[in-house]
Amino acid sequence: MSKQISRRDFLKLATAGAATTAVLTGCGPTSRFVDREPYLKMPEYTYNGMSTYYATTCRECAAACGLVVRTMQGRAIKVEGNANHPVNLGKTCARGQATLQGLYNPDRVENPVKQARGAQLSQETLDWNAAIQIVSDALQNTDPSEIAFLMGMAPDHLFDLVSDLANAIGAPAPVRFGALGMFEARATLSKAAENLFGKVSMPFFDLENADVVVSFGANFLETWLSPVAFTRGFAKMRRGNPERRGYFVQFEPRMSQTASKADEWIPLRPGTESLVALALGRLIAEARGGAVPAAFASIDPLTVASDAGLKLETLERLAQTLVNAHHPLVIPGGAALGQGNGLAAAESVLALNALLGNFGLPGGVFVSPLAPAQDAYHRPASAKEMADFIAKMKSGGVKVLFIHGVNPVFEMPKQFGFAEALASVPQVISFATFPDETALAADYILPDHHGLESWGYQRAVVSAKPVLSGAQPVVTPYFNTRATADVFLAAAALAGGKFAAALPFADEVAFIQSKLAGLVGEEGFFAAPEINSFTAYFQQYGGWWTNDPSLATPSAASAIAKRFTPAAAEFTGEGEFFFLPFVSPTLGEAGANKPWLQELADPTTTVMWNTWVEMNPETAHELGIENDDVVQIVSEAGGVEAPVYLYPAIRPDVIAMPFGQGHTAYGRFAAGRGVNPADVLGVHFNEAGDLAFAGMKVEVKKTGKKKILSRLESRIGVYGEGLEKE
Amino acid sequence: MVKRFFEWVIGPMGRIAVVIVGMFVFSLAAFGVYQTQQNPKPQPIQFPHNLHVGLGIQCLYCHPGASKGPSAGLPTISKCWGCHQQIAKTQTSPKLKPLLDAMTNGTNFVWVPVAKVPEFVHFNHRPHIAAGLNCENCHGDMTKVTIAENPQVMNMGWCLNCHRQRAGDDEAKLTKLTDCGTCHY
Amino acid sequence: MTVDLNKLHAVGAIAEAAEGKWGMVIDMDLCTGCQACVAACAMENNIPYVEEEDAGYGRSMHWIRTERFWEGEYPEVKISGYQPMLCQQCGKAPCEPVCPAFATVHSQAEQLNLQVYNRCVGTRYCANNCPYQVRSFNWRDYQDSRVRPEITILANQFNPDVTVRRRGVMEKCTFCIQRIHKAQDKAKSEGREVEDGEFTTACAQACPANAITFGRIDHPESLVSQLARSPRAEHHLEELGTLPRVTYLKEG
């Protein structure tokens, strides 16, 4: 044998090795044989290997988008939009898509538990009969005036049920709250409509038919009121008319995702929104000639321009654009209303619309219709009302507190002292689906089903047609949970007397049917002669809505005649920077426990899985701060630490932070991740009692620490950063 | 360096090492083959296909999904019971005890599917039935077996053989039937 | 926009593929960057999340992502259109010829780039050669419940029509080929052709702004073909001769 190994031998060896590797990798640990458990009894409408679709309503926010959920063999596989549903017309947002990761979430509350206000989710499970007994005892043995109900923004049917119960037993009406409502400043918007239109309602902005849209801080493409409906409207506004492309201008101190779609983003000084709106009005009135209406008479555009940090020419040009527009529309919202003078901002923007003469016209401002089976518009509690409620809790006025669908310990600024107030309530019963901060501070957690396992209905807030969106279970409950409505019904029946009389229903579905009874025979998307077929159609189509819009036209006269005393907003705090928290467009208020929402890149910064502080690169340079440097944001209320993201589209005097992270509980994906900017906020309100969340000034302190943010974008991306260091 | 290694390999110690390594690799490979060639687990009921087919029951009666969608499906227990509740022997036969238990106590049992493709293969029954194939073309003659067995290894060569035959000279059909994306996605 | 195939030395199958079968049009004027498509895609296609640390290394597995580029300096700064980036299903794909395992191949039947998971050995050559950076690699067993206990319950949501990928496998957008097959199978069982708009991809289905349109690019009357003829239409990195099947409509 030669001492040389030939090339041929080497190849042989190599080939043998490769073949062996191939054989080995071919047999992965996947088991060759599986067990397959057939149904004992096949559920109706299902077929092996075939999907079944159920219509229901999304519960990730309160906008009431219709969903059609694809299920297979009793598992929910995919969320799709309900194409007939007037709110979303078959479309969904990211949070709606990820609702399945809430349904099949590893950190749900699996059983009713005696939580006893522990730091972790209690393992002391209860029997449901015992749980109902606890609720029943709590209802019976407490003076009705000392029972309180704290409800989330969804679902509406449970709110109605609890309202009926509270009303019948003489308890105070349930309080409704949600972080989205707080950051949307819903109370301010409806208060402005009330002041100018003389009617408690939500104004309706006909975005899709407008051709020039000016928004003051309304982030309607992100989380504001009904983002899917507004995004559809935006698309129609932009490209719906082949003759012209819709023009969109946004006034906002920071370029939000919404502002990034604007043709012009105008970074004005925070707090000057109402002044700029009035100045625009005056310029428009002057451009048209004739007398300047009372609302705009006392404003001087030149002063306003300098106060707001803008050029007068910008305002003049914009005024001319609005004058020339066929369907101009101005929208107030978000950060503009979360100032000390937020109500003035909302009112002056509505007055500007009145001046533009768009009330009741396509692309203009309307009064939203009431939803079917609704007596009056009920807005959620403002922050001021929550503060009053907290004061009542602290003073011992609440002996039993029922909480469902809301997490105020996390969502409300710490300064409000909700957690401390909760500690002074003798009995707290939570119906949370997830072990969130508020649920952990309760005595008992009696978990409700996930939204996709639930019956119910939800009223659409932003819709030209009155919509009552229907929810039905698309899968059987995965855990040992029970519908909160059923728990209350059973508890009331157990208590007997006035409680049973208040809720004489066999179950949740019977209660929902009683509310739907008034719609039987009404003309709408479908009509049914009696309640059983009505309910069947209601489930099949995912709700009931009228065929025609029923928008009311507000009166422009009072809006235009209102005399404003224009003044820039006052800011609290000593710091150098305006503080602007905003709701994370991808996480919303309660998305942090869903891994795929965490994995989504923030649209403008592309940051994933964490909280960041947005700072203008110039400012950062002056302070000697670089990307990923951890800074401390300090206010009178306290401080939080988060890494800096050098954001090229923010005013140099503004610091912005997303809201949605910073949980201390709420499951493995949320807990201990990021910080909560609400911790920096103080107890300050605007004139309508909403939280002045954008009305603070803060200090920025360097910490010397660094935390690398995970971003989707290349790290050598923004302004060539990172290049010079190589 | 490389040259010295090769010299060592063809030396006596090297040859022994090669043999040891070779044996090791061979045993791993044998284990891998063994892993893929195990027999299925026992079925909960020794289901006699021959008897049922002999009674004139159509395949699609119990496996109706085959004509409708991807999965032929295993019958629900209530379907078995539909006939068996009328048969006196069901109450007494020890072989049928799991069925009786399932219906009376709700204790479900699990079948072990025998005709199974790996999860990276997406097989759909419907087009195969629509193309005129009969069940026995792939699953064998069920009048001859009790517990279903796979008459052949369902590997890709077997699939493609048939696909090529069926396509014949039709170029478009051949393209479609031999496209990777037809089964793998 | 037509491409001179002679200049690309295109012959045979490649010349046939110049037209393509399935196509997509994305209107960047409408895209709001809302991430609904990304979430919808993840839910439809069993895409794993990689968590913060791996995401920081650029290992996130999005099959579609919204890119955005800053233009100008404050205050004249703007985002020059959100640009959803997904596999362009190139007619002449740079990823295909470099795969030593023939795991990324061109589907002659559907005119798509396929990734055959069971062939893939994880060389990542294809990802290196993809000018659009749309291929993602499974660096870990992200979907294995022995590695991640939470998958046991999250797996209830998995789409049974799509393979759950293991470690060491490359993956990318498939134009929701499972939906294509489903629609074709349904149409065939009813003895007809698939109609335009009868089905769509998960991203297009979710998109609240209707910015994404999917359909037969080889049918001149289909909506997607009509949109692709818009004067605003452009193809990304067209100069590389990749023959992308995704058309972008510019702003303005």
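### A few points about the overall build of chain B
Point 1. Each helix and strand in chain B was counted, giving 12 helices and zero strands.
Point 2. Of the regular secondary structure in chain B, the N- to C-terminal order runs α-α-α-α-α-α-α-α-α-α-α-α.
Point 3. Oriented by its inertia axes, the alpha-carbon framework of chain B measures out at about 80 × 50 × 30 Å.
Point 4. The buried share among the 185 residues of chain B stands at 27%.
Point 5. Look at the contacts in chain B between residues 6 or more apart in sequence, and 54% of them connect residues 24 or more apart.
Point 6. Carbon together with sulfur atoms contributes 64% to the accessible area of chain B, which is approximately 11800 Å² in total.
Point 7. Measuring between centres, the 16 positive side-chain charges of chain B sit 7 Å from its 10 negative side-chain charges.

### Points about the overall build of chain C
Point 1. In terms of helices and strands, chain C carries eight helices and 12 strands.
Point 2. Over its C-alpha atoms, taken along the principal directions, chain C stretches across nearly 55 × 50 × 40 Å.
Point 3. Counting only residues that meet the buried cut, chain C has 63% of its 252 residues in that class.
Point 4. Taking all contacts inside chain C whose residues are at least 6 apart in sequence as the whole, residues at least 24 apart take part in 67%.
Point 5. Approximately 10000 Å² of chain C is accessible, and the part contributed by carbon and sulfur atoms is 51%.
Point 6. Of the side-chain charges in chain C, 27 are positive and 33 negative, and the distance between the mean point of each set is 5 Å.

### Brief notes about unusual backbone geometry
Point 1. A:Ala154 connects to A:Pro155 through a cis peptide bond whose omega is 0°.
Point 2. Structurally, A:Pro155 is set in the loop between β5 (147-151) and α5 (156-169).
Point 3. Along the chain, C:Tyr74 connects to C:Pro75 via a cis peptide bond; the corresponding omega equals 0°.
Point 4. At A:Leu89, a position not held by glycine, the phi torsion is positive, near 45°.
Point 5. Along the polypeptide, A:Leu89 turns up in the loop between β3 (75-81) and α2 (94-97).

### Description of the interface of chain C and chain B
Point 1. Opposite the 21 residues of chain C that make contact, chain B presents 14 residues.
Point 2. For the pair chain C and chain B, the summed buried surface comes to about 1500 Å²; carbon and sulfur atoms form 59% of the total.
Point 3. Contact with chain B buries surface across chain C, with C:Asn118, C:Thr163 and C:Asp185 losing the most and accounting together for 32% of the total.
Point 4. Remark: the boundary between chain C and chain B carries two salt bridges.
Point 5. A salt bridge links C:Glu110 to B:Lys176; its shortest N-O distance comes to 2.8 Å.
Point 6. Here the side of chain C that touches chain B takes seven residues from helix α6 (residues 177-189) of chain C, the largest share from any one element.

### Overview of a negative patch on the surface
Point 1. On the surface, A:Glu574, A:Glu576, A:Glu618, A:Glu622, A:Glu699 and C:Glu73 cluster together to form a negatively charged patch.
Point 2. By secondary structure assignment, the location of A:Glu622 is in helix α25 (residues 617-623).

### Some details on the sheet that holds strand β10 (residues 264-266) of chain A
Residue and element names in this part refer to chain A.
Point 1. Overall, parallel pairing links the four strands, which are arranged β10-β9-β8-β11 in an open sheet. Either end of the sheet is taken by a strand with one partner, and the two such strands are β10 and β11 (328-332). Across the sheet, the axes of successive neighbouring strands diverge by a mean angle of 15°, strand direction being ignored.

### A look at the packing of aromatic side chains
Residues and elements named next belong to chain A.
Point 1. Counted according to the given criterion, the structure contains 43 aromatic pairs over all chains.
Point 2. Both rings, one in Tyr537 and one in Tyr541, keep their centres 5.9 Å apart while their planes meet at 20°; by these two values the pair is stacked. Of this pair, Tyr537 and Tyr541 are both found in helix α22 (residues 531-541), four residues apart, which corresponds to roughly one turn of the helix.
Point 3. Aromatic rings pair up to connect Phe525, Phe526, Phe534, Tyr537, Phe538, Tyr541 and Trp545 into one cluster.
Point 4. Of note, Arg176 hangs over the ring of Phe159, and the distance from its end group to the ring centre comes to 4.2 Å.
Point 5. Over the aromatic face of Phe582 sits the side chain of Arg254, whose NZ or CZ is 3.6 Å from the ring centroid.

### Concerning the sheet that holds strand β18 (residues 543-545) of chain A
Residue and element names in this part refer to chain A.
Point 1. The strand order β16-β17-β18 describes an open sheet built from three strands, whose pairing is antiparallel. Strands at the two margins of the open sheet, each flanked by one partner only, are β16 (456-459) and β18. Ignoring strand direction, the axes of neighbouring strands in this sheet form an average angle of 20°.
Point 2. Pairing between β16 and strand β17 (residues 467-471): four bridges, direction antiparallel. From the neighbouring strand, Arg459 faces β17, where its bridge partner is Leu468.

### Section: the side chain of A:Asn82
Point 1. Position of A:Asn82 relative to the elements: it lies in the loop between β3 and α2.
Point 2. On the basis of relative accessible area, A:Asn82 is assigned to the buried category, the value being 4%.

### With respect to the side chain of B:His49
Point 1. In this structure, B:His49 sits in helix α3 (residues 49-54).
Point 2. Discounting chain neighbours no more than four positions away, the residues touching B:His49 are B:Met142, B:Val145, B:Thr146, B:Ile147 and B:Ala148.

### Section: the interface of chain C and chain A
Point 1. Listed as interface residues are 63 residues of chain C and, on the opposing side, 69 residues of chain A.
Point 2. Of the roughly 5500 Å² buried where chain C meets chain A, counting both sides, 57% is carbon and sulfur surface.
Point 3. The largest contributions to the chain C side of the interface with chain A come from C:Glu52, C:Trp70 and C:Tyr74, which together make up 14% of the buried area.
Point 4. Between chain C and chain A we count 10 salt bridges in total.

### Remarks on the environment of A:Ala344
Point 1. When you line up the elements, A:Ala344 lands in helix α14 (residues 342-356).
Point 2. Setting aside residues up to four positions removed in sequence, A:Ala344 forms contacts with A:Ser274, A:Phe564 and A:Glu687.

### So, the environment of A:Ala131
All names here are of chain A.
Point 1. As for its position among the elements, Ala131 is in helix α4 (residues 128-140).
Point 2. Note on Ala131: relative accessible area 0%, which makes it buried.
Point 3. Ala131 sits 93 residues away from Pro38 along the chain, and the two C-alpha atoms are 34 Å apart.
Point 4. Each residue touching Ala131, except ones within four places of it in the same chain, is listed here: Pro112 and Leu446.

### Overview of the pattern of salt bridges
Point 1. Overall, the coordinates contain 50 salt bridges over all chains when judged by the stated rule.
Point 2. Between A:Lys414 and A:Asp679 there is a salt bridge, and its shortest N-O distance comes to 3.3 Å. Taken together, the residues A:Lys414 in the loop between α16 (408-411) and α17 (418-423) and A:Asp679 in the loop between β24 (654-659) and β25 (696-706) connect sequence positions 265 residues apart.
Point 3. We classify A:Lys414 as exposed; its relative accessible area is 56%.
Point 4. Beyond isolated ion pairs, a larger network of salt bridges with shared partners links A:Arg238, A:Arg239, A:Arg245, A:Asp263 and C:Asp29.

### Some words on a nonpolar patch on the surface
Residues and elements named next belong to chain B.
Point 1. On the surface, Phe5, Trp8, Met13, Ile16 and Ile20 cluster together into a nonpolar patch covering about 560 Å² of accessible area.
Point 2. Those elements giving two or more residues to the nonpolar patch turn out to be α1 (2-10) and α2 (12-36).
Point 3. A per-element tally of the nonpolar patch places α2 first, with three residues.
Point 4. Looking at the element boundaries, Ile16 is found in helix α2.

### Here we look at the confidence of the model for chain C
Point 1. In the predicted model, chain C carries a mean pLDDT of 90, and 92% of its residues have values of at least 70.
Point 2. Contacts for the low-pLDDT stretch residues 5-17 of chain C, under 50 throughout, to residues beyond four places or in other chains number 15 contacts.

Scoring rules and cut-offs
- Residues numbered from 1 in each chain as written.
- Chains lettered and ligands numbered in written order.
- Predicted model: local features only at pLDDT ≥ 70, side-chain atom pairs only at ≥ 80, totals over all residues.
- Heavy atoms only, no water.
- Helix = DSSP H or I, 4+ residues; strand = E, 2+ residues; numbered from the N terminus.
- Buried < 20%, exposed > 50% of the residue type's maximum accessible area, 1.4 Å probe, protein only.
- Contact = heavy atoms within 4.5 Å.
- Areas by Shrake-Rupley, 256 points an atom, 1.4 Å probe, with all protein chains shown as cover.
- Lys, Arg positive; Asp, Glu negative; His and termini not counted.
- Charge placed at Lys NZ, Arg CZ, Asp CG, Glu CD.
- Buried area = accessible area lost by both parts, 1.4 Å probe.
- Salt bridge = Lys/Arg side-chain N within 4 Å of Asp/Glu carboxyl O.
- Patch = residues over 30% accessible without salt bridge, like charges linked within 9 Å, V, L, I, M, F, W, Y side chains within 5 Å.
- Pairing = 2+ DSSP bridges.
- Axes fitted to C-alpha atoms, helices over the stretch in contact; angles between N-to-C directions.
- Phe/Tyr/Trp six-rings, centres within 6.5 Å; stacked < 30°, edge-to-face > 60°.
- Lys NZ or Arg CZ within 6 Å of the ring centre and 35° of its normal.
- pLDDT = per-residue confidence, 0-100.

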